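# Descriptive structure summary
So the chains spell out like this:
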Amino acid sequence: MNKRNILTINNLSVKIDDEIIIDNLCMSINQGEIHAIMGKNGSGKSTLAKVIAGHPNYNIIQGSIIFNDKEINHVNPEKRSQEGIFLAFQYPVEINGVSNADFLRLAYNAQQRANNKPELDPLSFFELVSQKVQSIEMDSSFLARNVNEGFSGGEKKKNEILQMNILNSKLAILDETDSGLDIDALKIVANNINNFKTASKSIILITHYERLLNYIVPDYIHIMENGKLIHTGNATIAKQLEKYGYESIKANV
């Protein structure tokens, strides 16, 4: 059975101010696949994630982003989210004065409304979110706290996974989700990511380290440098990088 394509990036070049930071990049992801993107700091990994999600500071000067058979180059971030793209940020922001529960419910209901599905009242939503909170082993008191305010790095990352599970998107882009996690939290987050992926959902993992990929085995690993994907291979690349570094990959390109 042929897999259905969910994301295609064709000859994409992107600049901010006058600097080109994504350079003629091509990528294709099918439903049910996990793709990992690795590379040194400054290689363009986080930029690519933001561009796919529709960050307004980046200017596409060439190429196209096709999501679910539609070009989304000029689609705003809210619409991309409603269409099924989720981005977990490398550095999640704090939102003062907004409780986690309210933030999640409003985001969930906005998604439901956009897709002509029924919204949930606060009590019904609390029942839903309480189940999700248990799966990532977060204390339910986090729901009453302001979004990410006073959270540790690991708690912020868990909160991003909670958002991913609530919004139930078609493509989850996870930018350094393993950052700041101890080994127990890493296993919990990895388990949730593995459970999130289905035959119709896909995941992009952005990471520096093999340790996350010991728990989540990607279908493909892409190596990024200077805004380009310079090499694509299977999950074994991560072990090669851990042992020999990025120069070992470049030597064989």
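Residues numbered from 1 in each chain as written. Predicted model: local features only at pLDDT ≥ 70, side-chain atom pairs only at ≥ 80, totals over all residues. Heavy atoms only, no water.

### A few points about the overall build of the protein
- When its secondary structure is counted, the protein shows 9 helices and 12 strands.
- Here the C-alpha radius of gyration of the protein, 18 Å, is about what a compact globule of 253 residues would show, namely 18 Å.
- Overall, the protein is about 55 × 45 × 40 Å in size when its C-alpha atoms are taken along their principal axes.
- For the protein, with 253 residues in total, the buried portion stands at 49%. (Helix = DSSP H or I, 4+ residues; strand = E, 2+ residues; numbered from the N terminus. Rg over C-alpha atoms; globule rule 2.2 N^0.38 Å. Buried < 20%, exposed > 50% of the residue type's maximum accessible area, 1.4 Å probe, protein only.)

### Side note on the sheet that holds strand 10 (residues 202-206)
- Judged by pairing direction, the sheet is mixed, and its 6 strands sit side by side in the order 6-9-10-3-11-12 without closing on themselves. For this open sheet the edge positions go to strand 6 (85-88) and strand 12 (228-233), each flanked by a neighbour on one side alone. Averaged over neighbouring strand pairs, the angle between their axes works out to 20 degrees when direction is ignored.
- Packed onto the sheet, helix 6 (residues 183-196) meets strand 9 (171-175) and strand 10 and runs at close to 150 degrees relative to strand 10.
- Helix-sheet contacts for helix 8 (residues 237-244) involve strand 3 (34-38), strand 11 (220-225) and strand 12, and the interaxial angle to strand 11 is about 45 degrees. (Pairing = 2+ DSSP bridges. Axes fitted to C-alpha atoms, helices over the stretch in contact; angles between N-to-C directions. Contact = heavy atoms within 4.5 Å.)

### Considering the pattern of salt bridges
- With the rule as written, the count across this model stands at 8 salt bridges.
- For lysine 228, the salt bridge goes to aspartate 23, with nearest N and O atoms at 3.1 Å. Placement of lysine 228 in strand 12 and of aspartate 23 in strand 2 (residues 19-30) is noted, with a sequence separation of 205 residues between them.
- On the basis of relative accessibility, which here comes to 36%, the residue lysine 228 falls in the partly exposed class.
- Overall, the relative accessible area of 27% leaves aspartate 23 in the partly exposed class.
- Members of the salt-bridge network, linked through shared partners, are Lys70, Lys79 and Glu83. (Salt bridge = Lys/Arg side-chain N within 4 Å of Asp/Glu carboxyl O.)

### Here's the deal with the sheet that holds strand 4 (residues 59-67)
- Strand order in this open sheet of 4 strands is 2-1-4-5, and the pairing throughout is antiparallel. For this open sheet the edge positions go to strand 2 and strand 5 (70-71), each flanked by a neighbour on one side alone.
- When strand 1 (residues 5-16) meets strand 2, the two strands line up antiparallel, connected through 8 bridges. Its bridge partner lying in strand 2, leucine 12 is registered against leucine 25.
- Across the face of the sheet, helix 1 (residues 45-53) comes into contact with strand 1, strand 2 and strand 4 while running at roughly 115 degrees to strand 1.

### Brief notes about the packing of aromatic side chains
- Enumeration according to the criterion identifies 2 aromatic pairs in this entry.
- Seen from their ring centres, tyrosine 108 and phenylalanine 125 are 5.6 Å apart, and the 45 degrees between their planes marks the pair as tilted. Highlighted residues: tyrosine 108 in helix 3 (residues 100-114) and phenylalanine 125 in helix 4 (residues 122-135), separated in sequence by 17 residues.
- Residue class for phenylalanine 125 comes out buried when judged on its relative accessible area of 2%.
- Aromatic pair phenylalanine 142 and phenylalanine 151: ring centres 4.9 Å apart, planes at 85 degrees, arrangement edge-to-face.
- When its relative accessible area of 10% is taken as the criterion, phenylalanine 142 is described as buried. (Phe/Tyr/Trp six-rings, centres within 6.5 Å; stacked < 30°, edge-to-face > 60°.)

### Side note on helix 3
- For helix 3, built from 15 residues, the straight-helix expectation of 21 Å at 1.5 Å per residue is met to within 8% by its first-to-last C-alpha distance of 21 Å.
- Of the residues making up helix 3, those classed as buried are Asn100, Leu104, Arg105, Tyr108, Asn109, Gln111 and Gln112. The buried residues of helix 3 all sit within an arc of 155 degrees when viewed along its axis, so they share a single face.
- Turning to helix 3, the residues buried within the fold contact helix 2 (77-83), strand 7 (95-99), helix 4, strand 8 (146-147) and helix 5 (153-167).
- One or two positions beyond helix 3, positive phi appears at asparagine 116, with a value near 55 degrees. (Expected span 1.5 Å × (residues − 1). Arc of directions from axis to C-beta.)

### What to know about the packing of helix 5 against helix 6
- As a packed pair, helix 5 and helix 6 sit with axes 11 Å apart at the nearest point and diverge in direction by 15 degrees. When the axis of helix 5 is compared with that of helix 6, the two are roughly parallel. Crossing handedness for the pair helix 5 and helix 6: left-handed. The residues of helix 6 that touch helix 5, namely those facing Lys158, Ile161, Met164 and Asn165, are Ala185, Ile188, Val189, Asn192, Ile193 and Phe196.
- When the residues that make up the contact of helix 5 with helix 6 are grouped by side-chain class, the tally is 7 nonpolar, 2 polar and 1 charged. (Parallel < 35°, antiparallel > 145°, perpendicular 65-115°, else oblique. Left-handed = near helix turned anticlockwise from the far one by under 90°. Nonpolar A, V, L, I, M, F, W, Y, C, P; charged D, E, K, R; others polar.)

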